[in-house]
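Chain by chain, the residues run as shown.
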Number of protein chains: 4
Amino acid sequence: MLWGSRFKEKLNQTALEFSSSLPFDINLFEEDILVNKAHTEMLADVGILSQEDADKIVKGLNSIQSEFDEGKWKPETEKYEDVHSAIEARLYELIGDVAGKLHTGKSRNDQVATDLRLWIKKSVQQIILSINNFQIVLINTAEDNLDTIMPGYTHLQRAQPVSLAFHLLAYVEMLERDKERFDFVLEQVDVSTLGAGSIAGSTLPIDPEFTSWKLGFKKYFSNAMDAVSDRDFALDFLNACTIGQIHLSRLSEELILWSTSEWNFIKIGDKYSTGSSLMPQKKNPDIPELIRGKTGKVLGNYINLASVLKALPLSYNRDLQEDKEPVFDSFKTYINSLDILKEVISTIDINKERFIKELRGDFILSTDLTDWLVLQGIPFRDAHGIVGLVVKYAESAGKNFTNITLDELKKINPVFHEEAIEYLMIDESLKRKKSKGSPNPEMLQSQINNWKSMLFEFIVT
Amino acid sequence: MLWGSRFKEKLNQTALEFSSSLPFDINLFEEDILVNKAHTEMLADVGILSQEDADKIVKGLNSIQSEFDEGKWKPETEKYEDVHSAIEARLYELIGDVAGKLHTGKSRNDQVATDLRLWIKKSVQQIILSINNFQIVLINTAEDNLDTIMPGYTHLQRAQPVSLAFHLLAYVEMLERDKERFDFVLEQVDVSTLGAGSIAGSTLPIDPEFTSWKLGFKKYFSNAMDAVSDRDFALDFLNACTIGQIHLSRLSEELILWSTSEWNFIKIGDKYSTGSSLMPQKKNPDIPELIRGKTGKVLGNYINLASVLKALPLSYNRDLQEDKEPVFDSFKTYINSLDILKEVISTIDINKERFIKELRGDFILSTDLTDWLVLQGIPFRDAHGIVGLVVKYAESAGKNFTNITLDELKKINPVFHEEAIEYLMIDESLKRKKSKGSPNPEMLQSQINNWKSMLFEFIVT
Amino acid sequence: MLWGSRFKEKLNQTALEFSSSLPFDINLFEEDILVNKAHTEMLADVGILSQEDADKIVKGLNSIQSEFDEGKWKPETEKYEDVHSAIEARLYELIGDVAGKLHTGKSRNDQVATDLRLWIKKSVQQIILSINNFQIVLINTAEDNLDTIMPGYTHLQRAQPVSLAFHLLAYVEMLERDKERFDFVLEQVDVSTLGAGSIAGSTLPIDPEFTSWKLGFKKYFSNAMDAVSDRDFALDFLNACTIGQIHLSRLSEELILWSTSEWNFIKIGDKYSTGSSLMPQKKNPDIPELIRGKTGKVLGNYINLASVLKALPLSYNRDLQEDKEPVFDSFKTYINSLDILKEVISTIDINKERFIKELRGDFILSTDLTDWLVLQGIPFRDAHGIVGLVVKYAESAGKNFTNITLDELKKINPVFHEEAIEYLMIDESLKRKKSKGSPNPEMLQSQINNWKSMLFEFIVT
Amino acid sequence: MLWGSRFKEKLNQTALEFSSSLPFDINLFEEDILVNKAHTEMLADVGILSQEDADKIVKGLNSIQSEFDEGKWKPETEKYEDVHSAIEARLYELIGDVAGKLHTGKSRNDQVATDLRLWIKKSVQQIILSINNFQIVLINTAEDNLDTIMPGYTHLQRAQPVSLAFHLLAYVEMLERDKERFDFVLEQVDVSTLGAGSIAGSTLPIDPEFTSWKLGFKKYFSNAMDAVSDRDFALDFLNACTIGQIHLSRLSEELILWSTSEWNFIKIGDKYSTGSSLMPQKKNPDIPELIRGKTGKVLGNYINLASVLKALPLSYNRDLQEDKEPVFDSFKTYINSLDILKEVISTIDINKERFIKELRGDFILSTDLTDWLVLQGIPFRDAHGIVGLVVKYAESAGKNFTNITLDELKKINPVFHEEAIEYLMIDESLKRKKSKGSPNPEMLQSQINNWKSMLFEFIVT
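Not measured: the values here are computed from a predicted model. (Residues numbered from 1 in each chain as written. Chains lettered and ligands numbered in written order. Predicted model: local features only at pLDDT ≥ 70, side-chain atom pairs only at ≥ 80, totals over all residues. Heavy atoms only, no water.)

Engineer: Give me the lowdown on the overall build of chain A, citing residues and values where you can.
Structural biologist: Tallying secondary structure elements over chain A gives 19 helices and six strands in all. For a compact globule of 461 residues, the expected C-alpha radius of gyration is about 23 Å, and chain A comes in at 31 Å, more than 25% above that figure. Projected onto its principal axes, the C-alpha positions of chain A cover 100 × 55 × 45 Å. Looking at chain A residue by residue over its 461 residues, the buried ones come to 70%. Sequence-distant contacts, at least 24 apart, represent 78% of the contacts inside chain A between residues at least 6 apart. (Helix = DSSP H or I, 4+ residues; strand = E, 2+ residues; numbered from the N terminus. Rg over C-alpha atoms; globule rule 2.2 N^0.38 Å. Buried < 20%, exposed > 50% of the residue type's maximum accessible area, 1.4 Å probe, protein only. Contact = heavy atoms within 4.5 Å.)

Rendered as structure tokens:
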């Protein structure tokens with residue numbers, strides 16, 4: 001027991017179970033051991049602890065980690081308040097009374113903050129790697145589909161022709177921003193809070209700089225009270241997971257749409273689909289549906305912690321224990337979604353010719369025709385109006401852009417001539433795009449080359 | 001496997017684990033068995049199943065329930081998609097091929113909705129009982145504190161004297177509304193959806209009325225598509241838990257404040273407090289802090305499901321699997337909070353004389369003095385202004401309502417006479433309250449009596 | 001100024017503007033006047049006010065209402081804290097010092113709660129009427145489309161044939177639950193809080209029962225402290241708006257999908273569509289998109305107030321001022337969405353033959369075929385497997401349910417005979433549905449008749 | 001009208017009003033003019049527009065800005081869909097048909113994204129300045145209170161002595177992180193999206209690099225589809241506002257607590273307090289209460305946009321119009337809260353001697369005493385236990401740390417000697433702190449000096 005000599009009654013068992021964080025802070029086991037070791041070494045370094053005592057403690061902590069890894073020892077949930085108490089209790093069992101020196105000048109308040117920071121640091125690095133791998137799959141799929149013409153949608157209405165490559169590269173951009181956001185989180189989390197004590201440091205000459213360096217942090221806290229009260233880094237992490245998961249939900253929505261009978265654009269592999277217990281013909285895009293659905297949870301986790309922090313007076317309050325579950329859950333949900341959606345993408349079967357036939361003659365080239373009129377010197381707004389009339393006429397005459405005649409066009413406006421008809425051919429439309437950032441296949445190929453060298457570099461370094 | 005004959009490849013193992021709901025829908029085990037039994041009996045009743053087959057299936061299902069209860073069989077998470085698949089698979093093992101008839105005219109879509117409705121129905125009833133017990137503790141504590149005068153706060157500033165009884169009875173009112181809200185949820189959830197099939201009922205003559213009656217529901221669905229798409233009842237449940245938990249958070253906040261050195265009004269029992277690993281003198285109100293903190297989670301669960309449902313096309317989508325975790329988690333969090341906070345309340349040590357001394361002479365009686373002026377015929381707004389001047393004068397003269405003299409009052413306004421001084425005595429102030437719903441001790445006693453007969457009646461019926 | 005005689009300095013102008021609620025609580029103008037009048041009449045009734053004074057005040061209040069209605073007087077935002085102060089100030093201007101008697105035994109704390117309750121009561125009644133009108137449009141459209149066969153979707157994959165009538169009636173069910181939820185809100189909100197004062201009623205013999213009755217409330221508060229602290233009714237209102245708006249978002253999502261080139265099922269009228277500033281051919285389903293998007297706002301409003309209430313100590317705190325904007329905004333967003341989506345629905349152009357041709361031969365009848373096998377005595381799970389093999393065979397042979405031959409079926413399983421082929425005809429499929437709540441057209445017609453008599457009755461009463 | 005020649009019916013007036021964004025995107029007026037001008041100059045630069053036409057358009061746009069600034073022209077809400085349409089319509093009125101050339105190669109989709117990015121960029125810079133000013137006030141107040149000893153709280157229980165300076169400097173740290181977070185937002189938002197068109201750039205040789213440079217952006221979009229679909233920068237902005245507002249809510253909570261009669265630590269100035277309409281003696285901390293309350297709104301705005309973006313297919317959908325209101329509202333709420341809370345802080349009256357007397361003898365020095373025992377060679381956990389016994393003994397003997405005798409201490413444990421008694425003197429306690437980041441006054445002074453040079457530098461550069 002870490003406390004209690006001033007108490008007359010023990011904590012009620014129901015209360016212990018209601019309040020114990022061990023069922024989830026067991027996730028911080030490894031980090032807690034690391035922090036304990038760094039702290040012990042610091043105590044020896046500044047002379048509070050003898051080197052001999054320090055060695056005993058470190059050895060004991062190493063044994064606990066081994067026992068835990070090998071499944072020989074696992075703390076009982078109903079016995080301990082948290083992972084810190086469990087480890088200290090075990091240390092007593094292994095090395096006796098010298099274990100009582102471990103906690104010198106240290107509080108659970110600064111330790112748990114440091115543990116969580118270490119854990120998020122590690123997790124962010126894993127996430128960035130997973131994002132990178134996801135981008136690589138998207139880029140490879142994009143490269144295979146530079147000429148897969150599809151309608152670009154606004155308002156889910158066909159707007160202008162694009163390629164599947166262009167569409168997928170939009171997601172590569174989003175994922176790149178996600179990495180930048182996690183880089184920012186990394187910067188925020190990379191601060192050691194060990195040495196802040198409960199709230200105000202210590203009268204002992206403990207050295208936060210030493211432990212920060214030992215634990216591999218970039219810097220350490222400046223104000224002990226802030227150090228134990230602050231969970232901004234966790235909220236930033238939850239925001240980054242939320243935006244990341246939203247991106248996956250947008251892609252999932254599109255995979256679901258593209259898999260419908262109506263779109264008939266892709267087929268998701270059997271390995272990533274499920275059937276129906278009642279309807280024998282069904283094949284369902286469960287993975288994208290679940291990823292879309294799990295966005296609710298990741299967003300809920302953000303609200304959870306934000307609500308906890310709102311109006312919380314300084315410094316540590318027990319409410320802060322509620323930071324861990326949302327962080328662990330959003331991490332797991334998001335990284336699993338990334339990893340499995342990457343697999344789904346890499347196995348989809350794309351119906352490359354699905355749209356090209358249907359788009360021949362489609363009004364989707366109206367903007368290009370408008371641009372052509374502009375090049376003939378017609379003010380844009382007038383050109384827009386003229387093409388609107390062409391569409392209206394064609395619809396009422398049951399015609400489209402393949403079978404409308406030059407004569408018909410001239411009747412609407414005499415400015416039309418032969419060249420206009422060329423502008424109505426879908427197959428060449430992407431090559432006509434001139435502006436940067438457009439789906440011009442040459443430009444996309446060059447972007448893909450850039451991405452490849454960047455992402456490859458990332459992996460080898 | 002419930003499906004798959006049309007598939008060429010099996011579901012990938014990672015995909016199975018990502019998508020399996022078994023780790024949490026195992027909570028619905030009992031309900032799933034009940035639903036299966038009712039369905040089987042219905043199939044026999046309408047003649048789709050022979051009575052013999054039905055008996056075998058029901059017997060098999062009973063065995064599975066027993067095995068499960070006795071811990072002899074537990075479905076492996078990594079093997080099944082969900083609790084339904086696990087039970088059907090086990091049924092095959094126990095009774096052979098006749099198990100294949102169980103699923104006739106039934107889909108997981110209608111079954112899971114019915115399971116969840118049964119589960120929420122049961123849970124709501126437990127919650128209402130816990131609320132009731134909480135109210136009883138509050139009422140008993142209130143009855144002991146009819147004369148415990150304390151400041152009533154607005155803006156956390158002392159406003160007017162009230163009693164602790166009055167303050168606690170405000171919470172009894174809130175809890176009563178919580179019961180009404182859960183009653184509404186009960187009404188919404190008490191609808192059987194069994195027989196809706198995947199989406200559109202069946203060409204077989206299945207009978208939803210029979211199963212609804214067997215399962216003890218009040219009524220059954222009218223539209224099969226709505227039946228499998230609808231999770232309104234779950235969102236209503238999460239709303240009720242959120243508002244309920246908010247009430248507990250408000251009370252927790254007050255317990256935390258009242259336990260501070262500054263307030264020094266109550267002491268929370270040692271059994272429900274913890275100490276500090278670093279600071280030996282500390283005793284912390286952990287339980288109220290955790291309840292306050294867990295409000296974030298309960299609110300997050302509401303957002304979770306609301307976000308899942310937003311813009312979801314009909315009918316069943318796999319996203320709906322995400323309904324269960326928030327429902328189970330909010331239930332557990334809320335009912336545990338209710339039960340433990342009730343215990344905390346019943347063991348607090350109240351410093352009954354804490355405020356009465358301090359309030360003698362306090363300006364907290366200003367409103368009463370204003371009312372007295374009104375009774376002398378002064379328009380209220382003027383009376384308010386006069387008392388404001390009295391306060392201003394007293395503050396600058398370093399006086400208060402016990403030592404201000406009649407002469408001083410008369411200098412501010414000649415209307416003051418002897419009787420005014422009586423109005424400044426705190427001890428009698430509550431008895432002067434005349435309006436209904438006020439902290440007049442006689443009125444409160446009568447309310448307490450009413451509550452007692454109501455709540456007692458609830459328990460015996 | 002309603003207060004201030006004890007203050008040495010006036011409220012800073014920036015602070016006044018930051019804190020003023022007048023820009024939004026002006027919405028409560030009418031309710032505030034009503035409350036003031038009822039309070040005045042009560043004061044006269046219990047003898048605190050002379051009848052003469054009361055008459056003057058009521059007359060003054062009536063004038064203020066007229067001035068306001070006719071646009072002759074409008075309180076300046078930068079001058080008053082809130083609508084109550086503005087009205088009292090105007091009353092002084094109109095009737096002189098007797099105005100100072102209005103506020104006797106009344107606080108802004110109880111008044112604003114009563115105002116808001118009156119406002120929500122009125123608004124809920126308007127909402128219920130709008131829902132009713134929406135249902136009528138859906139039912140009429142359903143009746144026109146009893147035979148409009150379309151695929152019923154699960155996982156957005158074609159699952160079983162249904163009719164558009166059946167699909168729309170699912171929404172009628174949702175809307176009916178919305179009315180039940182608003183009925184519950186109505187019950188919760190229908191409680192007068194006038195007479196609670198700031199926190200603890202009054203030493204004056206004011207009569208909350210009288211004012212409650214005058215204002216048309218069903219009952220009045222029991223505990224004054226609860227009365228001024230409680231905003232549960234507002235949160236319940238926001239929950240009801242959220243669930244209601246989610247329903248509209250689901251329908252909007254479907255209208256958007258059905259309007260795509262891919263679905264080509266409906267056309268939204270020109271009156272409710274917009275074009276593109278750049279692309280002349282575009283016609284966009286803006287209204288459903290906006291309704292879908294505005295769901296975020298309505299959900300955000302719920303979170304807003306829930307966060308405000310979390311851990312708020314009793315009784316009134318200024319934070320509660322933040323209750324009004326979310327309530328007003330969710331009301332406006334939701335009722336406008338209801339009213340305009342109703343218009344959109346009533347003007348859509350439905351492509352009734354869109355699906356029937358495509359579904360002839362489609363595997364969407366697999367479940368019916370499975371049911372047929374069950375009727376031949378095959379256990380369901382085996383039947384499911386057999387039909388799965390039929391689908392697999394047909395897909396690989398490039399066949400469908402119209403051109404697969406009986407011989408081919410028999411090769412897969414000898415149980416097939418002539419009758420099976422009949423089960424593969426889509427046109428008769430709905431009529432084969434036997435179970436209650438299914439899309440059997442006769443059952444739907446009968447439901448429609450019931451709805452009509454119910455909803456019509458609602459309107460005339 | 002920017003579109004419509006293909007339409008047979010005009011947009012219904014109710015639909016126009018429901019869908020118009022003009023009531024709020026009028027905020028983007030200035031940005032819209034700037035974007036139009038930059039676009040026009042680019043069109044001339046690449047030769048699509050003659051210089052003469054370009055000059056006319058730019059002149060016209062300048063006039064519109066002047067008219068607007070001077071209040072001579074204001075677009076009617078009920079007439080236009082948005083600010084873009086209003087400006088183009090006015091341009092026609094001012095310069096005639098050449099106005100029709102403005103929109104060449106530009107869509108509202110890319111324009112509104114660019115407008116909003118410019119607006120957020122400007123707003124973030126204002127916020128950073130306001131944060132800086134807030135920090136300066138905190139630092140000045142801290143410097144005045146280096147010796148104002150107060151209890152540091154954990155769990156709102158007195159934990160260890162700190163100074164008010166130390167407490168306020170914790171907030172300076174939080175605010176510094178807020179600036180880092182807004183710096184990250186600035187980086188994300190500083191990307192021009194002009195030239196992306198509706199979705200896919202243009203067949204005209206427009207130059208996004210030129211307009212990006214003209215508008216002062218750091219870089220421009222890489223993928224046109226992403227450019228019009230992306231609102232990550234807005235969500236990052238809302239996250240930064242949320243965390244920032246949470247910090248203000250924590251400080252507000254403390255100001256409210258410190259202003260209570262129970263704490264009696266500070267008095268908020270009359271200029272920033274309000275009174276009660278009923279209770280003449282009241283003075284309320286309204287500003288901190290409102291700031292605490294408005295946190296709900298800022299959090300609600302985050303949820304709002306996150307819900308809008310969830311599962312939204314690419315590219316532009318009308319739902320995205322809902323991005324603006326939360327962004328504008330969170331900006332206004334947050335920056336106003338910053339500016340006014342700064343004023344409140346700078347005028348509070350601090351009761352500097354409030355705690356020092358009360359803390360003499362308080363058990364709050366228990367940790368220091370424990371540290372002293374550690375220095376005597378006692379293992380920490382044992383030392384903790386010994387001091388716990390001291391506290392328990394003292395409490396039962398009705399003693400405290402000033403009047404407990406050395407003999408009594410020795411009876412509990414013989415290790416105690418004279419020096420221990422010195423450790424129990426509160427006045428010197430802060431100076432005994434040795435570790436970095438602690439409230440040692442010398443260390444704090446040095447931090448203050450650093451802050452001053454950093455923040456001052458920020459202002460002059």
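From this point, the discussion proceeds with the structure in view.
Engineer: An account of the domain arrangement of chain A is needed here, citing residue identities and associated values.
Structural biologist: Here chain A is partitioned into domain 1 (13-104), domain 2 (109-149 + 163-354) and domain 3 (366-424). Computed from C-alpha atoms alone, the centre-to-centre distance between domain 1 of chain A and domain 3 of chain A is 78 Å. (Domains from an automatic or database assignment.)

Engineer: Provide a residue-level description of the packing of aromatic side chains, including the pertinent values.
Structural biologist: Evaluated as defined, the whole model comprises 58 aromatic pairs over all chains. Between Trp119(C) and Phe331(C), the aromatic rings sit 5.3 Å apart at their centres with planes inclined by 80°, giving edge-to-face as the arrangement. Taken together, the residues span a long stretch of sequence, with Trp119(C) in helix 6 (residues 108-144) and Phe331(C) in helix 12 (residues 324-346) at a distance of 212 residues. Each of the two residues, Trp119(C) as well as Phe331(C), counts as buried. Pairing Phe363(D) with Phe401(D) gives two aromatic rings, centres 5.1 Å apart and planes at 80°, and the pair type is edge-to-face. In this pair, Phe363(D) sits in the loop between helix 13 (356-359) and helix 14 (366-375) while Phe401(D) sits in the loop between helix 15 (380-397) and helix 16 (406-412), placing the two residues 38 residues apart along the sequence. The same class applies to Phe363(D) as to Phe401(D), namely buried. Over the aromatic face of Phe217(A) sits the side chain of Lys121(A), whose NZ or CZ is 5.2 Å from the ring centroid. Taking the ring centre of Tyr423(D) as reference, the NZ or CZ of Arg432(D) above it sits at 4.7 Å. (Phe/Tyr/Trp six-rings, centres within 6.5 Å; stacked < 30°, edge-to-face > 60°. Lys NZ or Arg CZ within 6 Å of the ring centre and 35° of its normal.)

Engineer: Run through the environment of Lys357(B), naming residues and quoting values.
Structural biologist: Residues and elements named next belong to chain B. Tracing the chain through its elements places Lys357 in helix 13 (residues 356-359). Residue classification places Lys357 among the exposed positions, given a relative accessible area of 58%. Placed 69 residues apart in sequence, Lys357 and Ile426 show a C-alpha to C-alpha distance of 9.2 Å.

Engineer: Provide a residue-level description of the side chain of Glu322(B), including the pertinent values.
Structural biologist: In this fold, Glu322(B) is placed in the loop between helix 11 (286-309) and helix 12 (324-347). Apart from residues no more than four positions distant in its own chain, Glu322(B) is found in contact with Leu290(A), Gly293(A), Lys294(A), Lys297(A) and Val308(B).

Engineer: I'd like a description of the relation of the copies chain D and chain C, backed by residues and values.
Structural biologist: For the pair chain D and chain C, the best superposition has an RMSD of 0.0 Å and corresponds to a rotation of 180° with a translation of 0.0 Å parallel to the axis. These values place the two chain copies in the arrangement generated by a two-fold rotation axis. Considering only C-alpha atoms, the residue of chain D closest to the rotation axis is Gly300(D), which sits at 2.0 Å. Counting the interface residues of chain D, we find that 100% of their copies in chain C are interface residues as well, pointing to one common contact surface. (Least-squares fit on C-alpha atoms with pLDDT ≥ 70 in both.)

Engineer: An account of the layout of surface pockets is requested, with residue identities and associated values reported.
Structural biologist: Reported here for the second largest pocket is a volume of approximately 1500 Å³. Around the second largest pocket sit 43 residues that line it, and Lys297(A), Glu325(A), Asp329(A), Glu325(B) and Asp329(B) are the ones nearest its centre. Elements with a minimum of two residues in the lining of the second largest pocket: helix 1 (13-19), helix 2 (22-25), helix 11 (286-309) and helix 12 (324-347) of chain A together with helix 1 (13-19), helix 2 (22-25), helix 11 and helix 12 of chain B. The dominant element in the lining of the second largest pocket, judged by the number of residues it contributes, is helix 12 of chain A, at nine residues. In terms of residue class, the lining of the second largest pocket is made up of 11 nonpolar, 18 polar and 14 charged. (1 Å grid on protein atoms, 1.4 Å probe; cavity = no way out; pocket = protein on both sides within 12 Å on 5 of 7 lines; lining within 4 Å. Points joined across faces, edges and corners; volume = space filled by probe spheres on them. Nonpolar A, V, L, I, M, F, W, Y, C, P; charged D, E, K, R; others polar.)

Engineer: I'd like a description of the interface of chain D and chain C, backed by residues and values.
Structural biologist: In this assembly, 60 residues from chain D lie in contact with 60 residues from chain C. For the chain D and chain C pair, buried surface summed over both sides reaches about 5300 Å², with 60% attributable to carbon and sulfur atoms. For the salt bridge of Asp286(C) with Arg318(D), the shortest nitrogen-to-oxygen distance reads 2.5 Å. There are 14 residue pairs in polar contact (both at pLDDT 80 or more) connecting chain D and chain C. (Buried area = accessible area lost by both parts, 1.4 Å probe. Salt bridge = Lys/Arg side-chain N within 4 Å of Asp/Glu carboxyl O. Polar contact = N/O pair within 3.5 Å; in protein donor to acceptor, adjacent residues only side chain to side chain.)

Engineer: Which residues make up helix 4 (residues 51-69) of chain C, and what are the values?
Structural biologist: Residue and element names in this part refer to chain C. Over its 19 residues, helix 4 extends 27 Å from the first C-alpha to the last, a length consistent with the 27 Å expected when each residue adds 1.5 Å. Looking at helix 4, one finds that the buried residues are Asp53, Ala54, Ile57, Val58, Gly60, Leu61, Ile64, Gln65 and Glu67. In this fold, the buried residues of helix 4 make contact with helix 3 (29-45) and helix 5 (83-95). One or two positions beyond helix 4, positive phi appears at Gly71, with a value near 75°. (Expected span 1.5 Å × (residues − 1).)

Engineer: I'd love a proper account of the interface of chain B and chain C, names of residues and values included.
Structural biologist: Taken together, the 112 residues of chain B in the interface contact 111 residues of chain C. Interface area for chain B against chain C, summed over the two sides, is near 9500 Å², with a carbon-plus-sulfur share of 55%. For chain B, the biggest contributors to the area lost against chain C are Thr203(B), Arg250(B) and Arg381(B); these three give 8% of the whole. In this structure, the connection of chain B to chain C is made through 12 salt bridges. For the pair chain B and chain C, the number of links is 52 residue pairs in polar contact (both at pLDDT 80 or more).

Engineer: Requested: an account of the packing of helix 14 (residues 366-375) of chain A against helix 15 (residues 380-396) of chain A, with residues and values cited.
Structural biologist: Residues and elements named next belong to chain A. Contact geometry of helix 14 with helix 15 gives a least axis separation of 9 Å together with a crossing angle of 135°. In terms of orientation, helix 14 lies oblique with respect to helix 15. Our pair here, helix 14 against helix 15, has a crossing hand that is right-handed. Where helix 14 abuts helix 15, its residues Ser366, Leu369, Thr370, Leu373 and Val374 lie against Phe380, Ala383, His384, Ile386, Val387 and Val391. The class makeup of the residues in the contact of helix 14 with helix 15 is eight nonpolar, three polar and no charged. (Axes fitted to C-alpha atoms, helices over the stretch in contact; angles between N-to-C directions. Parallel < 35°, antiparallel > 145°, perpendicular 65-115°, else oblique. Left-handed = near helix turned anticlockwise from the far one by under 90°.)

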